[in-house]
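Observations on chain architecture
Chain by chain, the residues run as shown.
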There are 2 protein chains.
Amino acid sequence: MTVTLADVAARAQVSPATVSRVLNGNYPVAAKTRERVLRAVDELDYVLNGPASALAAATSDLVGILVNDIADPFFGIMAGAVQSEIGGQPDGRAGGERLAVVCNTGGSPEREITYLTLLQRQRAAAVVLTGGAVENPAHVEAVSAKLRRLADAGTRVVLCGRPPVPGTDAVAITFDNRGGGQRLTEHLIALGHRRIAYIAGPEERTTTRHRLEGHRDALAAHGIEDDPRLTVHGPYDRRSGYDATLELLRRDRSLTAIVAANDTVALGACAALRDEGLRIPDDVSVAGFDDLPFSIDAVPALTTVRLPLAAAGARAGRIAMGREERPPGGIATVQGELMVRGSTAAPRG
Amino acid sequence: MTVTLADVAARAQVSPATVSRVLNGNYPVAAKTRERVLRAVDELDYVLNGPASALAAATSDLVGILVNDIADPFFGIMAGAVQSEIGGQPDGRAGGERLAVVCNTGGSPEREITYLTLLQRQRAAAVVLTGGAVENPAHVEAVSAKLRRLADAGTRVVLCGRPPVPGTDAVAITFDNRGGGQRLTEHLIALGHRRIAYIAGPEERTTTRHRLEGHRDALAAHGIEDDPRLTVHGPYDRRSGYDATLELLRRDRSLTAIVAANDTVALGACAALRDEGLRIPDDVSVAGFDDLPFSIDAVPALTTVRLPLAAAGARAGRIAMGREERPPGGIATVQGELMVRGSTAAPRG
DNA sequence: CTGTTAGCGCTTTCAC
DNA sequence: GTGAAAGCGCTAACAG
């Protein structure tokens, strides 16, 4: 029923081994033979059996990409960039191509481990973990153990937008979330703000913690008290920004600026402020983080910290494919760039 | 070096066959034996070899999802929804789980075919094609042939947000783009607009054509001339909306409304209008399509057509897994809902 | 440059 | 309920 390598070999009057060599192109084959084989492949409409080939060669052309939420452009951009680099030579033929297995963890530690196991089962050629990590000690250890196993099995592991995992030698492309957070809050302070609220991401996450720490560093550096009532935690979504803003306003109507954990949250905050009849930035300044594509079109345009998501993803992809050397020490820190736009201004009065 | 089924069998003092049966759980195994096997699996930290198992069983647990652009939430939302439905029972264990292979075609017909071949090679359990299709006859035929082959090989094929492919019996969940486009333009006409510009998507695409046809249907139904100078084509991105708007304004400063191919394009249009000193909707009304999450936060909030992307993706996922019956005739049309918001109003004067 | 020969690690009849 | 044995389709030494 289904055409196999042997069928092609028979038709081309060569041995299966030769067909395999032609298809993989890693071996010298006479031009005429190769042509004959290729013709047979075409005529028979033959498609290689991936699992069989993976089994025999003990490698696969699958690359895993772990993301928190594929519907979030933050992850989509990185995933797309990784994928654009893992493909084979752009010769159109379906050879040498690698497939991206995108795994949506939803931020759940259990799913993260489950997916890593599944990828290990597939004998993935590489795995790229994107976004912040959960800091729970048990989970950190579990991830570390998994990554070690994967590496032992020959899977290349790269972290993108995530801090290094202790106990592994996985390459890490990390974002300087702390520095970005600090510059953002410093910008607000320079503008004259003192009552600055902070809508943080979910607890126990590296990204959340680093950005928040940067914010606090800035406050401390300027002798501004860090009022715990001005910090609220929530998921990285619009709703969280909306609700948190209402809550913050309830707690302290005198706040003059809101820094959000990311741009999506910031948009929610803007919506809440408008619904409360407050103007941005006249009454309250708002800032985000990431500089996602829609942020520049917000009205007013959102002040934020631009993260080179596509560049980082592409680099992670290249390293995962062994096409770029690992950075010194196995870790590369990428800076965010402060983008000052219309959503922040000096406080009134 | 690497632990195999045989190792587990030896340790549990059973045959490899029994271990396989325990792991797959499709066969009766004595409770005590099963327990012994599971313990051995744990102790040895054994992970099934996916390729080997796929080869022997002639099936894999990979599900392909073709998208135009994973960084675009339009596709990210559908892909995420598909993925949420293809997972196994949510029992935490890594069994019965299916992995989503997300393939970024970038809208290129060649890459679409390449990826379908790659998925065929992987013996994917199912393939979901999302978004509009390229209408080039040669490509349509190529896709049709590929899908037939996939189906023959036992891969379930589902189209999500894409019209049926002739010559195949792939299930199609399609969006009523035409109806949506029509209602949108009718809304504008009802408001009093007559000079309505249209920024269409790329040519030769079903989505582009259907939305545009809906727009023209509405114009025709109201006896409004369809001035070809008021239609511009471009990719589905912000830049296209921006540039097209400038071009349209250059051609005819008297236009009072702009309908964009989708929300992203609409945002670009809004930006261009603002840069030209025009107010929305006072000077020019703007409408989008899709109702992506950020559209409600645009200022003014974007009038658009809401597509139930997540619901459609989830349904496609369920059908792909055989967990939901195919709709009558193999095709289900999903309506879009007109969302009237602040970006559209009656023309001045 | 090409053919021969063993497996890769698992599933699955078929017996017991 | 469990074991034995025969492949699944391909790759990778080895020869030649």
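Computed from a prediction, not measured in an experiment: that's the story for all the values here.

Okay, the packing of aromatic side chains next. By the definition in use, this model includes three aromatic pairs over all chains. The interplanar angle of 85° and the centroid separation of 4.9 Å between the aromatic rings of A:Phe74 and A:Phe75 together place this pair among those described as edge-to-face. The pair A:Phe74 / A:Phe75 is uniform in exposure class, with both members buried. Above the plane of the ring of A:Phe289 lies A:Arg211, whose end atom (NZ or CZ) is 3.8 Å from the centre. A cation over an aromatic ring shows up here: B:Arg21 above the ring of B:Tyr27, its NZ or CZ 5.8 Å from the ring centre.

Aligned on chain A, chain B shows an RMSD of 0.2 Å; the corresponding rotation is 180° and the shift along the axis is 0.1 Å. On the angle and the small slide along the axis, the relation comes out as a two-fold axis. A share of 100% of interface residues in chain B that are also interface residues in chain A marks the association as one of identical surfaces.

Right, let's get into the packing of helix α8 (residues 177–191) of chain B against helix α9 (residues 206–221) of chain B. Helix-helix packing is characterised by the crossing angle of the two axes and by the distance between the axes. Residues and elements named next belong to chain B. Between α8 and α9, the least distance of the axes is 7 Å, while the angle of their chain directions is 40°. What the angle tells us is that α8 and α9 run oblique. Seen along the crossing, α8 lies across α9 with a hand that is right-handed. Note on element contacts: α9 touches α8 through Thr 207, His 210, Arg 211, Glu 213, Gly 214, His 215, Asp 217, Ala 218, Leu 219 and Ala 221, opposite Asn 177, Arg 178, Gly 181, Gln 182, Thr 185, Glu 186 and Ile 189. Grouping the amino acids of the contact of α8 with α9 by side-chain chemistry returns four nonpolar, eight polar and five charged.

As a further point, take helix α1 (residues 5–12) of chain B. All names here are of chain B. Among the residues making up α1, those that are buried are Val 8, Ala 9 and Ala 12. Mapping the buried residues of α1 onto a view down its axis gives an arc of 100°, with all of them on the same face. Note on α1: the residue one or two positions beyond its end, Gln 13, has a positive phi of about 60°.

Around DNA strand D sit 23 residues in total, of which A:Leu5, A:Ser20, A:Tyr46, B:Arg21 and B:Thr33 are the nearest. Per the 4 Å cut-off to the protein, sugar and phosphate atoms form 68% of the nearby atoms of DNA strand D. Between DNA strand D and the protein, one listed contact pairs a phosphate oxygen with a side-chain N or O atom of A:Ser20 at 2.6 Å. Contacts to DNA strand D include B:Thr18, whose side-chain N or O atom sits 2.7 Å from a phosphate oxygen. Listed by contribution, the elements that provide at least two residues to the surface near DNA strand D are α2 (16–24) and α4 (50–57) of chain A together with α2 (16–24) and α4 (50–57) of chain B. Looking at the surface near DNA strand D residue by residue, the class counts come to 13 nonpolar, eight polar and two charged.

Before going further, it helps to examine the domain arrangement of chain A. Partitioning chain A into structural domains gives domain 1 (1–56), domain 2 (58–175 + 308–336) and domain 3 (177–307). Summarising the inter-unit geometry, the C-alpha centres of domain 1 of chain A and domain 3 of chain A are found 59 Å apart.

All names here are of chain A. The element strand β2 (residues 99–104) is extensively covered by neighbouring structure, given that six of its six residues are classed as buried. With burial as the criterion, each face of β2 is covered, one bearing Leu 99, Val 101 and Cys 103 and the other bearing Ala 100, Val 102 and Asn 104. With six bridges joining them, strand β1 (residues 62–67) and β2 adopt parallel strand pairing. Bridged to Val 67 within β2 is Asn 104.

Per the UniProt record, "domain: HTH lacI-type" (unreviewed entry) is found at residues 3–57 of chain A. Taken as a whole, residues 3–57 of chain A contains 71% helix and 0% strand, while its terminal C-alpha atoms sit 20 Å from one another.

A few words now on the sheet that holds strand β7 (residues 231–233) of chain A. Residues and elements named next belong to chain A. Spatially, four strands are ordered β7-β6-β8-β9 in an open sheet, and the strand pairing comes out parallel. Edge positions in the sheet fall to β7 and β9 (285–287), since each has one partner strand and no second. Within this sheet the neighbouring strands show an average axis-to-axis angle of 15°, counted without direction. Alignment of strand β6 (residues 196–200) against strand β8 (residues 257–260), held across four bridges, turns out to be parallel.

Let us now look at the protein's contact with DNA strand C. In the vicinity of DNA strand C, 26 residues are found, and the nearest of them are A:Arg21, A:Thr33, B:Leu5, B:Ser20 and B:Tyr46. Among the atoms of DNA strand C lying within 4 Å of the protein, the sugar-phosphate backbone contributes 61%. Within the contact set of DNA strand C, a phosphate oxygen lies 2.7 Å away from a side-chain nitrogen or oxygen of A:Thr18. In this structure, A:Ala56 approaches DNA strand C through a main-chain N or O atom, which is 3.4 Å from a base oxygen. Contributions of two or more residues to the surface near DNA strand C are made by α2 and α4 of chain A together with α2 and α4 of chain B.

Between chain B and chain A, the contact holds 50 residues from the first and 51 residues from the second. Looking only at chain B, the three residues that lose the most surface to chain A are B:Leu99, B:Arg121 and B:Asp297, adding up to 14% of its buried area. In this assembly, chain B and chain A are joined by five salt bridges. Between A:Arg238 and B:Asp297 there is a salt bridge; the shortest N-O distance is 2.4 Å.

Our next topic: the pattern of salt bridges. Per the counting criterion, the structure on display carries 51 salt bridges over all chains. Here B:Glu213 ties to B:Arg209 by a salt bridge, and the two come within 2.9 Å at their closest N and O atoms. A residue pair is termed a helical-turn pair when its members lie 3 or 4 positions apart in one helix, as B:Glu213 and B:Arg209 do in helix α9 at four residues. For B:Glu276, the salt bridge goes to B:Arg253, with nearest N and O atoms at 3.2 Å. Of this pair, B:Glu276 sits in the loop between α11 (263–275) and β9 (285–287) while B:Arg253 sits in the loop between α10 (238–251) and β8 (257–260), and the two are 23 residues apart along the sequence. Here the salt bridges do not stand alone but share partners, grouping A:Glu85, A:Arg315, A:Arg318, A:Arg323 and A:Glu324 into one network.

Take the environment of A:Asn24 next. Structurally, A:Asn24 can be placed in helix α2. Taking relative accessible area as the criterion, A:Asn24 reaches 41% and is therefore assigned partly exposed.

Another aspect to go through is the side chain of A:Arg162. Residues and elements named next belong to chain A. Within the element layout of this structure, Arg 162 appears in the loop between β4 (156–160) and β5 (171–175). Residue Arg 162 is classed as buried on the basis of its relative accessible area of 3%. At 3.2 Å, the side chain of Arg 162 forms a polar contact with the side chain of Glu 112. At 3.5 Å, the side chain of Arg 162 forms a polar contact with the backbone oxygen of Gly 132. Other than its neighbours up to four places away in sequence, Arg 162 contacts Glu 112, Leu 129, Thr 130, Gly 131, Gly 132, Ala 133, Ala 172, Ile 173 and Thr 174.

Rules and cut-offs
- Residues numbered from 1 in each chain as written.
- Chains lettered and ligands numbered in written order.
- Predicted model: local features only at pLDDT ≥ 70, side-chain atom pairs only at ≥ 80, totals over all residues.
- Heavy atoms only, no water.
- Phe/Tyr/Trp six-rings, centres within 6.5 Å; stacked < 30°, edge-to-face > 60°.
- Buried < 20%, exposed > 50% of the residue type's maximum accessible area, 1.4 Å probe, protein only.
- Lys NZ or Arg CZ within 6 Å of the ring centre and 35° of its normal.
- Least-squares fit on C-alpha atoms with pLDDT ≥ 70 in both.
- Contact = heavy atoms within 4.5 Å.
- Axes fitted to C-alpha atoms, helices over the stretch in contact; angles between N-to-C directions.
- Helix = DSSP H or I, 4+ residues; strand = E, 2+ residues; numbered from the N terminus.
- Parallel < 35°, antiparallel > 145°, perpendicular 65-115°, else oblique.
- Left-handed = near helix turned anticlockwise from the far one by under 90°.
- Nonpolar A, V, L, I, M, F, W, Y, C, P; charged D, E, K, R; others polar.
- Arc of directions from axis to C-beta.
- Near = heavy atom within 4 Å.
- Polar contact = N/O pair within 3.5 Å; in protein donor to acceptor, adjacent residues only side chain to side chain.
- Domains from an automatic or database assignment.
- Pairing = 2+ DSSP bridges.
- UniProt positions renumbered as here; feature names shortened; annotations may be inferred.
- Buried area = accessible area lost by both parts, 1.4 Å probe.
- Salt bridge = Lys/Arg side-chain N within 4 Å of Asp/Glu carboxyl O.

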